[in-house]
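Each chain, letter by letter, is given below.
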Amino acid sequence: MYNNQLNGSIPSSLGDLTYLSVLYLYKNQLSGPIPIELGNLKSLTDLEVPDNQLSGSIPSSLGDLTSLNVLYLQNNQLTGPIPVELGNLKSLTFLVVYNNQLNGSIPSSLGDLTSLNVLSLYKNQLSGPIPIELGNLKSLTQLPLNDNQLSGSIPSSLGDLTSLDILLLQNNQLSGHIPIELGNLKSLTYLVINNNQLSGSIPSSLSNLTSLNVLYLYKNQLSGPIPTEFGNLKSLTDLGLSSNQLSGPIPIELTYLKSLTNLEVGLNQLNGSIPSSLAVEKLPPKLASG
């Protein structure tokens, strides 16, 4: 029933299909709430209702679907908090609820979902801190939490997510220092934490992220020098450090980054000369405003 032009609400009578294992309703024009009766579908392994016009809150009864592997609710108009009961879904590998109007804090109970590969919560109205318990999600490969209203510091426990490929925290209200423990994320290709209120120096431990393609730290309150160790980031294509309070010279070691195509270091307090072999380019507008 996916990718049609179905409209109206999701019938609560679907909750009577207790042997159902897969429910695909995505890419329709469905509206109204997600029925609480779907929590009766104890055999369900895959629930996908994204790309509709669903509203109301996420029913806490979905926390009873203990066989669920995949929960896709993105691109709707869902409101209210993320139910703490979703922490009961121990078999879940994908929890994707981005681009809704969810508010409240991220439940610490999500740290119990140790089978998760993807936790995608971006483009909501979530507030409060990033739970330290997310550091328990050792199988996680993608953690996009960007474009919310998250505050507090970046938990050092995120440095335990050694399978992580993508970490997106931009466009929040995060403060404090960048944890040195993020240097443990050797599989990381995207580290994007621009447009926050981060302070202190850039940890040289980030130079351990030799798989990194994109590092965006711009529009924060970072100070101190650009680490010379960044010359180790041989896979880096995009480095955005502008609009901070960085000081000192541009390290000549950046000339070792032969894959680098976009470098932005403007609006800082840097001094000295630009290394002659370094081509300085501005980030494309679509990246610089990300």
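Quick caveat: nothing in here was measured; it's all calculated off a predicted structure.

Peer 1: Before we move on, could you go through the sheet that holds strand β17 (residues 197-200) and cite the residues and values that matter?
Peer 2: Across the sheet, 12 strands lie side by side as β1-β3-β5-β7-β9-β11-β13-β15-β17-β19-β21-β23; this open sheet has parallel pairing. Edge strands, defined here as strands with exactly one partner in the open sheet, are β1 (7-8) and β23 (269-270). Alignment of strand β3 (residues 29-32) against strand β5 (residues 53-56), held across two bridges, turns out to be parallel. Each bridged residue has a counterpart across the sheet, and for Ser31 the counterpart in β5 is Gln53.

Peer 1: Requested: an account of the side chain of Ser242, with residues and values cited.
Peer 2: With respect to the element layout, Ser242 can be found in the loop between β20 (238-240) and β21 (245-248). According to the relative accessible area criterion, Ser242 is buried, its value standing at 9%. Apart from the residues lying within four places of it in its own chain, the contact partners of Ser242 are Tyr218, Lys219, Glu264, Val265, Gly266, Leu267 and Asn268.

Peer 1: Just give me the short version of the nonpolar core, but keep the residues and values in it.
Peer 2: Leu95, Leu119, Leu167 and Leu191 are the most contacted members of the largest nonpolar core, which has 75 residues in total. Apart from the residues lying within four places of it in its own chain, the contact partners of Leu191 are Leu167, Leu182, Leu206, Leu209, Leu212, Val214, Leu215 and Tyr216. Counting residues in hydrophobic clusters, the runner-up holds six residues, among them Ile166, Leu168, Val192 and Tyr218.

Peer 1: Outline the packing of aromatic side chains, supporting the account with residue identities and numerical values.
Peer 2: Following the criterion strictly, the structure yields four aromatic pairs and no others. Centroid distance Tyr98 to Tyr122: 4.4 Å. Interplanar angle 5°. Geometry classified as stacked. Within this pair, whereas Tyr98 is found in the loop between β8 (94-96) and β9 (101-104), its partner Tyr122 is found in the loop between β10 (118-120) and β11 (125-128), the two being separated by 24 residues in sequence. On the basis of relative accessibility, which here comes to 19%, the residue Tyr98 falls in the buried class.

Peer 1: Describe the pairing of strand β19 (residues 221-224), with residues and values.
Peer 2: Burial along β19 is one-sided: the residues Leu222 and Gly224 are buried and none of Gln221 and Ser223 is. Relative to β19, β17 runs parallel, the two sharing two bridges. Bridged to Ser199 within β19 is Gln221. Both β19 and β21 contribute to a ladder of two bridges, which runs parallel. Note that in β21 the partner of Ser223 across the bridge is Gln245.

Peer 1: Kindly report on the UniProt feature "domain: Disease resistance R13L4/SHOC-2-like LRR" (unreviewed entry) in the protein chain, identifying the contributing residues and their values.
Peer 2: Under the present numbering, the feature "domain: Disease resistance R13L4/SHOC-2-like LRR" (unreviewed entry) in UniProt falls on residues 157-275. With 0% helix and 28% strand, residues 157-275 has end C-alpha atoms that lie 37 Å from one another.

The rules we used
- Residues numbered from 1 in each chain as written.
- Predicted model: local features only at pLDDT ≥ 70, side-chain atom pairs only at ≥ 80, totals over all residues.
- Heavy atoms only, no water.
- Pairing = 2+ DSSP bridges.
- Helix = DSSP H or I, 4+ residues; strand = E, 2+ residues; numbered from the N terminus.
- Buried < 20%, exposed > 50% of the residue type's maximum accessible area, 1.4 Å probe, protein only.
- Contact = heavy atoms within 4.5 Å.
- Core = buried A, V, L, I, M, F, W, Y, C linked by side-chain atoms within 4.5 Å.
- Phe/Tyr/Trp six-rings, centres within 6.5 Å; stacked < 30°, edge-to-face > 60°.
- UniProt positions renumbered as here; feature names shortened; annotations may be inferred.

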